[in-house]
Amino acid sequence: MGIAVIPKGGHVLDKFESPASELPAVEFVDVSKSFGALRVIDNLSLRIRRSERVSLIGPSGSGKTTILRLLMTLEKPSEGTIKVFGGALSAGGRGLRESEVAPLRAKIGMVFQQFNLFPHMTALANVMEAPVQVLRMPKPDAKALAESLLERVGLKEKGASYPSELSGGQQQRVAIARALAMKPQIMLFDEITSALDPEVIGEVLDVVHSLAHETKMAMLVVTHEMGFARDIADRVIFMEKGRIVEEGNPAKLFASPDNIRTKAFLNAVKR
């Protein structure tokens, strides 16, 4: 089972009890998020298994990016519980100690719409920074890791370049390498091509495709690139108003969605 919609009030552990090795990478249990009177996530329950690649699609404002921000603990749920590999990452209305949250958050990497590279650091230094400062990795080891990751994203010769000397596509690939440097087990991608010129979108998507095929990381991808959403994913979720409207196999959902709202959305984005 990949993503499961769980009825509110259901006994989640009774229904999904499994050995620790089979615990899902991500689990949302009756999660809601409000900003004032605006409810952006509405009683959301879903599961993402280890190594599963999931695309989130839907209109702007449907809550897709908020799901990623909740997983990164950049936002806290108003209600419900979020678990990572069985451990509580956040719980609405209940405070969790940083010592509990930090090891779980460290399993998650995220690549944002904007590259957010340190402008005063070279590409190599940008990738090295977190392993040195957060993981306390010796600098020679961090340098070797950063060089291998830059090579992996096709930027072997750009280690000494500063962000201002790189194209948007190259900067985004450095950002991917930087996220990988923390050795995450879950990767989140938030509209990673939205700030790019059309001619460089392909080079970034190619990197993500290769990661999907060569690694066992769980991936949660928010994108308006429908071809990419279909090709990268094991499952696709269509969201609207903070709720899952429809989810399923990419080929089936894109070819013949069951829900009228999904059909209308896909017809609109094809125009």
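As annotated in an unreviewed UniProt entry, the protein chain carries the name Amino acid ABC transporter ATP-binding protein and is attributed to Aminobacter carboxidus. Listed under Subcellular location (unreviewed entry) in UniProt, the entry text for the protein chain is "Cell membrane". Under Sequence similarities (unreviewed entry), UniProt gives the following word-for-word description of the protein chain: "Belongs to the ABC transporter superfamily."

## Focus on the overall build of the protein chain
For the protein chain, the helix and strand inventory stands at ten helices and ten strands. For 271 residues, the compact-globule estimate of 2.2 N^0.38 gives 18 Å, and the C-alpha radius of gyration of the protein chain, at 19 Å, lies within 12% of that figure. With the principal axes as the frame, the protein chain shows a C-alpha extent of 55 × 50 × 35 Å. Relative to its full complement of 271 residues, the protein chain shows a buried share of 52%. Taking as baseline every contact in the protein chain between residues at least 6 positions apart, the subset at least 24 positions apart corresponds to 64%. Taken as a whole, the protein chain presents about 12,900 Å² of accessible surface, with 51% of it coming from carbon and sulfur.

## Observations concerning the layout of surface pockets
There is about 550 Å³ of room inside the largest pocket. As for the largest pocket, its lining consists of 20 residues, of which M72, I108, M110, A130 and M182 are closest to the centre. Tallied by class, residues from the lining of the largest pocket come to 13 nonpolar, four polar and three charged.

## Focus: empty space enclosed by the protein
Under the counting rule described, the total for this entry stands at one cavity of 30 Å³ or more. Taken as a whole, the largest cavity encloses approximately 40 Å³ of empty space. For the lining of the largest cavity, the element with the most residues is strand 8 (residues 218-222), which contributes three residues. A class-by-class count of the residues in the lining of the largest cavity yields nine nonpolar, no polar and no charged.

Thresholds, definitions, all that
Residues numbered from 1 in each chain as written. Predicted model: local features only at pLDDT ≥ 70, side-chain atom pairs only at ≥ 80, totals over all residues. Heavy atoms only, no water. UniProt positions renumbered as here; feature names shortened; annotations may be inferred. Helix = DSSP H or I, 4+ residues; strand = E, 2+ residues; numbered from the N terminus. Rg over C-alpha atoms; globule rule 2.2 N^0.38 Å. Buried < 20%, exposed > 50% of the residue type's maximum accessible area, 1.4 Å probe, protein only. Contact = heavy atoms within 4.5 Å. Areas by Shrake-Rupley, 256 points an atom, 1.4 Å probe, with all protein chains shown as cover. 1 Å grid on protein atoms, 1.4 Å probe; cavity = no way out; pocket = protein on both sides within 12 Å on 5 of 7 lines; lining within 4 Å. Points joined across faces, edges and corners; volume = space filled by probe spheres on them. Nonpolar A, V, L, I, M, F, W, Y, C, P; charged D, E, K, R; others polar.

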